[in-house]
Amino acid sequence: MVSTVQEWTVLTIVKWTEQYFKKHYIESPRLDAEMLLAFVCQCSRIDLYLDYDKPLRAEEREQFRELVKKRVQGMPVAYLMGEKGFWNLDLFVERGVLIPRPDTETLVEKSCDAIQKWQKLHLKKTCSILEIGTGTGAIPLALCSSLQNICCISVDVSEDALKIASKNLRRHSNLLNPRFNSLKLIQGNQFQMLSRSAEFDFIISNPPYIPTGQIALLQKEILFYEPKQALDGGEDGLDFYRNIFLNGVKHLKVNGELLLEIGYDQVQGIQALLPDSMELICIAEDLQSHPRVWHGNRLG
Ligand SMILES: C[S@@+](CC[C@H](N)C(=O)[O-])C[C@H]1O[C@@H](n2cnc3c(N)ncnc32)[C@H](O)[C@@H]1O
């Protein structure tokens, strides 16, 4: 930073960084500036403004300068801070694991509704859930924070992702035993680690669903920083749905339900893959009114 400002106070630094981020086409320049500064000052964004004319200490300025440099190179704020808010939880994130997205909260919301309905029909029974592709563990931990008496198995092929998911599990262990919930993390390729006879009341997944050819067109924040393994859904983006319908639904009990996050333009492609053993219950939209969740059930 080349200083034309007399003193680097909280307010001058936020304003300067906002302009600097704008020049570098950062999408939310003010928000990013505030989040990074609050991270460095170890306070909330609101608290920044309680002391807006406080000068920053030299070490804080140095740490902030490094973060700003990395941000303009494209590194997402969540990786810089090592944390991301999802649902009502703060989750650890690191490079090597996908940053949980607000879109996925729609999948959590619809899953909670469906599981609660199931629980009303199956009083006092533990609801068994299989999740494929857990990443940070965002989905099962969000479910555990909103529900009780669920038993979740979450699978991911990535060792890096599972390390972070375990850290998040330890961080939020208060969501388990006291609420009669359990969460087991398993490393494996989709359904391969399951015994043939394993059956669940629900299967939930936010799988990789970007067509391979579109990966190179993603914003640099995603393209250069987030794991391809978490994004690449094969040539047409539908490889994981294909496998879930082919090999996954055998692990659903009769009347068991399947909830999948999908790309906004994938409804037709997914419907074309639907096996006779499954029927669509509904497609739910996200906050931008895009189709985002495919919800179906296994027929008898
Ligand atoms: C789109 S990310 C979803 C992460 C997390 N559930 C979320 O919503 O933030 C997809 C996840 O699937 C995992 N994955 C990719 N291929 C897989 C496979 N063959 N078997 C299991 N998991 C896989 C990735 O490592 C990644 O964590």
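Residues numbered from 1 in each chain as written. Predicted model: local features only at pLDDT ≥ 70, side-chain atom pairs only at ≥ 80, totals over all residues.

Novice: Give me the pairing of strand E9 (residues 291-298): which residues, what numbers.
Specialist: The element E9 is extensively covered by neighbouring structure, given that six of its eight residues are classed as buried. One ladder, built from five bridges, connects strand E7 (residues 252-261) with E9; its direction is antiparallel. Along E9, the bridge assignment pairs leucine 258 with glycine 296. Both strand E8 (residues 278-285) and E9 contribute to a ladder of seven bridges, which runs antiparallel. (Buried ≥ 20, exposed ≤ 12 C-beta atoms within 10 Å, placed from the backbone. Helix = DSSP H or I, 4+ residues; strand = E, 2+ residues; numbered from the N terminus. Pairing = 2+ DSSP bridges.)

Novice: Explain the site of the ligand to me, and be specific about the residues and the numbers.
Specialist: Taken together, 22 residues lie near the ligand, and Gly133, Gly135, Val157, Asn206 and Ala230 sit nearest. Elements represented by at least two residues in the shell around the ligand include exactly helix H7 (138-146) and strand E4 (150-156). Each residue belonging to the shell around the ligand can be placed in one class, and the counts come to 11 nonpolar, 10 polar and one charged. (Near = placed C-beta within 6 Å. Nonpolar A, V, L, I, M, F, W, Y, C, P; charged D, E, K, R; others polar.)

Novice: Lay out the sheet that holds strand E3 (residues 127-132) in plain terms, naming residues and giving numbers.
Specialist: Overall, mixed pairing links the seven strands, which are arranged E5-E4-E3-E6-E7-E9-E8 in an open sheet. With partners counted over all chains shown, the strands left at the sheet margins are strand E5 (182-187) and E8, one partner each. Each neighbouring strand pair of the sheet contributes to a mean axis angle of 20°, computed without reference to strand direction. Sitting on the sheet, helix H6 (residues 103-121) touches E3, E4, strand E6 (200-205), E7, E8 and E9, and the angle it makes with E7 is about 160°. Contacting E3, E4, E5 and E6, H7 crosses the sheet at an angle of about 170° to E4. (Axes fitted to C-alpha atoms, helices over the stretch in contact; angles between N-to-C directions. Contact = placed C-beta atoms within 7 Å.)

Novice: Break down helix H8 (residues 159-171) for me, with residues and values.
Specialist: Compared with an ideal rise of 1.5 Å per residue, which puts 13 residues at 18 Å, H8 spans 18 Å between its outermost C-alpha atoms and is within 8% of the ideal. The set of residues buried in H8 consists of Ala161, Leu162, Ile164, Ala165, Asn168 and Leu169. The arc enclosing the buried residues of H8, seen along the axis, measures out at 160°, which places them on a common side. Away from its buried face, by an angle of more than 90 degrees, H8 presents the exposed residues Glu159 and Arg170. (Expected span 1.5 Å × (residues − 1). Arc of directions from axis to C-beta.)

Novice: Residue-level account of the environment of asparagine 255, with values.
Specialist: Within the element layout of this structure, asparagine 255 appears in strand E7. Sequence spacing of asparagine 255 and phenylalanine 202 is 53 residues, and the spatial spacing of their C-alpha atoms is 9.3 Å. With residues up to four places along the chain from it excluded, the contact list for asparagine 255 reads Asn297 and Arg298.

Novice: Describe the packing of helix H2 (residues 29-41) against helix H4 (residues 58-73), with residues and values.
Specialist: Where H2 contacts H4, the two axes come as close as 10 Å, and the packing angle between them is 145°. Crossing handedness for the pair H2 and H4: right-handed. Together, Asp32, Leu36, Leu37, Val40 and Cys41 of H2 and Glu60, Gln63, Phe64, Leu67, Val68 and Arg71 of H4 make up the contact between the two elements. Looking at the contact of H2 with H4 residue by residue, the classes come out as seven nonpolar, one polar and three charged. (Left-handed = near helix turned anticlockwise from the far one by under 90°.)

Novice: Quick one: what's the story with the nonpolar core, residue by residue and with numbers?
Specialist: Counting 69 residues, the largest nonpolar core has Leu36 and Leu37 as its most contacted members. Counting residues per element, this core draws most heavily on H7, at six residues. Each of two domains, domain 1 (10-73) and domain 2 (97-298), supplies a minimum of three residues to this core. Here leucine 36 is in contact with Phe64, Leu67, Val68, Arg71, Val77 and Leu80, once residues within four sequence places are set aside. (Core = buried A, V, L, I, M, F, W, Y, C linked by C-beta atoms within 7 Å. Domains from an automatic or database assignment.)

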